[in-house]
Amino acid sequence: MPTIEKDFRRSVVYQIYVKSFCDSNGDGLGDLPGITRKLDYLAHLGVDYLWLTPFYPSPQKDNGYDVSDYCAVDPRYGTMDDFDELVAAARERGIGIMLDMVLCHTSTEHEWFRQACSGEERYQAYYILRDGRGSAGPGDPGEPPTNWECAFGGSAWEWEPRLGKWYLHMHDASQPDLDWTNPEVREACADVVRFWRERGVTGFRFDVINLISKPEVIEDVPGPGAACRSLVADGPHVHEYLRELVERSGIDGMITVGEMASTDLANCVRYTRPDDHELSMSFSFHHLKVDYAGGDKWALAEPDIVELREVLREWQEGMQDGGGWNALFWDNHDQPRAITRFGGRGGVGERGGSWDLVGKMLSTMSFLMKGTPYVFEGDELGMTNAGYDSIEKYDDVESKNAYRMLLGRGSTPDEALRVMGERSRDNGRTPMQWTAGPGAGFTTGEPWLGVSANHEQVNAEAEVGVEGSMFEWYRGLIALRHTSDVVALGDVRFLDAGSAAPKVIAFERTLGEKRLVVACSFDDEPCELTDLGTDDMTVLLGNYADCPAEGVLRPYEAVAWSR
Ligand code: NOJ
């Protein structure tokens, strides 16, 4: 069997949200055999690795990020034989498999938590348990130990009568956080990673891994309890725990990516500097908060492109200067679709409409910046937000909580629904659009989550092999990542597009004599561009059919010049 040894700096990762990718047995849920069935499609697209979201046994309170058994396959998604077959079939096509490791918390249904609840002290020491504030004694919960709030709204503490304690959960109450100060927990987590490595997995994505090291003293945060997230992020022992995990599980040198919540640049440099032997690269999210009014995810605002540029510049140049490495992405299963977010609502499915231009402009940016690009399933087709017309169509725990919270704050149901339409994680989780037919060709049954109405225009069947389609655009970008040294390895520096182009983000990549200049407009009006020094350069690619007029970028135009 060919081995998968690729330079992650030249690679492209494709994220598969297993539940929504391809259903092989008509039960409405995507599954592992479904992925195997689509490997030729993925090989044709040209991607190097597939990151699979969790398919382990789980009560599905958070769609599999609540794991009840780390070393098994949930029968909903197939069998261990199906998994082995997928790994082997992907390998034959030169594609590696990356698995999602959810090691910051388990499900309350995990054996460890069950044992803890049945009185096993050994397993009680796996979790973060505290007495209540103002408790009158055993059996009296009192109040939660601190004012911390979990990511999905409400207290980050849950009273468990069988324990006679509160347990900490940074996410849903069904996701108790593990206590990484316990060496046995760290060893058990390394065993999980080793288990999958030994089954032929070639890389890993670590879920909220920068939240594993809690502050030495767990106490109230000043102001709103949601601020506990920044307090817990990048905690005192996180680098040490990560190095230990990587070493013990034997994955140093494999492609790895950490999901870093509320992180900062200095820590991400440390997570990803090769000499530190932690991870290959990190995901940060600051660039996807530029449309949160006042920093509130559930308050709508237009994306602030000046801020977006500044965040990207800081992370691109800062990671480079520190010797770190970025994962590049716009979409994933926790984000609304970027095409909708950044203005591509017009002419869905039509070449030359804002949908087409925005999708191609965004992918040009993420593929030509410095780092490793990630394609989230359906990006390559130009998939957009779900467009659901009722709250009943949503499934996600975070979205349902947020909807209730918005009503509680005084929003009308219509207003709250509008916010969901823009911000719900389900916007990124709708079934993959394979065809224009029923169930978008994702399932022959009833899909677990409604398909987006635009699957009739936006789908693989309509795009693969069609000149000028989004799919063929992505194929071209992926090929460029593989063949161009300056794209994969060149230095990056952001350029000033000029005061008449505040919504244009421009940067250059250089390697020896090679120079690439990229300009991407987020403006829906034409704008004048300052001289970016491209006179002696030729247009390498652009998302309009003709070349740009000198000094002008049209709405949502993306151009790359090379020399
Ligand atoms: C990040 C995952 O991407 C998200 O889907 C999940 O809800 C949280 N981590 C908790 O595991």
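Residues numbered from 1 in each chain as written. Predicted model: local features only at pLDDT ≥ 70, side-chain atom pairs only at ≥ 80, totals over all residues. Heavy atoms only, no water.

Caption draft 1: Region of interest: the sheet that holds strand 7 (residues 203-206). Read across the open sheet, the eight strands follow the order 9-8-7-3-2-1-11-10; overall the sheet is parallel. This sheet does not close on itself; its edge strands, each paired only once, are strand 9 (281-283) and strand 10 (327-328). With three bridges joining them, strand 1 (residues 13-16) and strand 11 (residues 372-376) adopt parallel strand pairing. By the bridge assignment for strand 11, Y14 is matched with V375. (Pairing = 2+ DSSP bridges. Helix = DSSP H or I, 4+ residues; strand = E, 2+ residues; numbered from the N terminus.)

Caption draft 2: Inspection of the sheet that holds strand 5 (residues 157-160) at higher detail. Read from one edge to the other, the open sheet built from three strands follows the order 4-6-5, with strand pairing classed as antiparallel. Edge positions in the sheet fall to strand 4 (129-130) and strand 5, since each has one partner strand and no second. For strand 5 and strand 6 (residues 165-168), the ladder comprises four bridges, and the chain directions are antiparallel. In the sheet register, E160 faces strand 6, and the bridge partner there is K165.

Caption draft 3: Highlighting the pattern of salt bridges. Scanning all chains against the criterion turns up 47 salt bridges. Its salt-bridge partner being R273, residue D276 comes within 2.8 Å of it at the nearest N-O pair. Relative accessible area serves as the criterion here: at 15%, D276 is assigned to the buried category. On the basis of relative accessible area, R273 is assigned to the partly exposed category, the value being 30%. One salt bridge in this structure joins D291 and R423, with 3.6 Å as the shortest N-O distance. Separated by 132 residues along the polypeptide, D291 in the loop between strand 9 and helix 10 (305-322) and R423 in helix 14 (residues 413-423) bring together distant segments of the chain. In this pair, the class of D291 matches that of R423, namely buried. Three or more residues joined by partner-sharing salt bridges are found here, namely D62, K297, D334, D396, E398, R425 and R429. (Salt bridge = Lys/Arg side-chain N within 4 Å of Asp/Glu carboxyl O. Buried < 20%, exposed > 50% of the residue type's maximum accessible area, 1.4 Å probe, protein only.)

Caption draft 4: Structural context of the packing of helix 6 (residues 183-198) against helix 8 (residues 238-249). Look at helix 6 against helix 8: their axes get within 8 Å of each other, and the N-to-C directions meet at 45°. With respect to helix 8, the axis of helix 6 lies oblique. Considering only the axes of helix 6 and helix 8, their crossing is right-handed. Between helix 6 and helix 8, the residues in contact are P183, R186, E187, C189, A190, V193, R194 and R197 and Y241, E244, L245, R248 and S249, respectively. Class assignment for the residues of the contact of helix 6 with helix 8 results in six nonpolar, one polar and six charged. (Axes fitted to C-alpha atoms, helices over the stretch in contact; angles between N-to-C directions. Parallel < 35°, antiparallel > 145°, perpendicular 65-115°, else oblique. Left-handed = near helix turned anticlockwise from the far one by under 90°. Contact = heavy atoms within 4.5 Å. Nonpolar A, V, L, I, M, F, W, Y, C, P; charged D, E, K, R; others polar.)

Caption draft 5: Main features of the environment of S68. Assignment of secondary structure puts S68 in the loop between strand 2 (49-52) and helix 3 (80-92). Considering only alpha carbons, one finds S68 and L477, 409 residues apart in sequence, at a separation of 39 Å. Not counting chain neighbours up to four residues away, the residues in contact with S68 comprise P57, S58, P59, S107, E109, H110 and E111. A polar contact is formed between the side chain of S68 and the backbone nitrogen of S58, at a distance of 3.5 Å. (Polar contact = N/O pair within 3.5 Å; in protein donor to acceptor, adjacent residues only side chain to side chain.)

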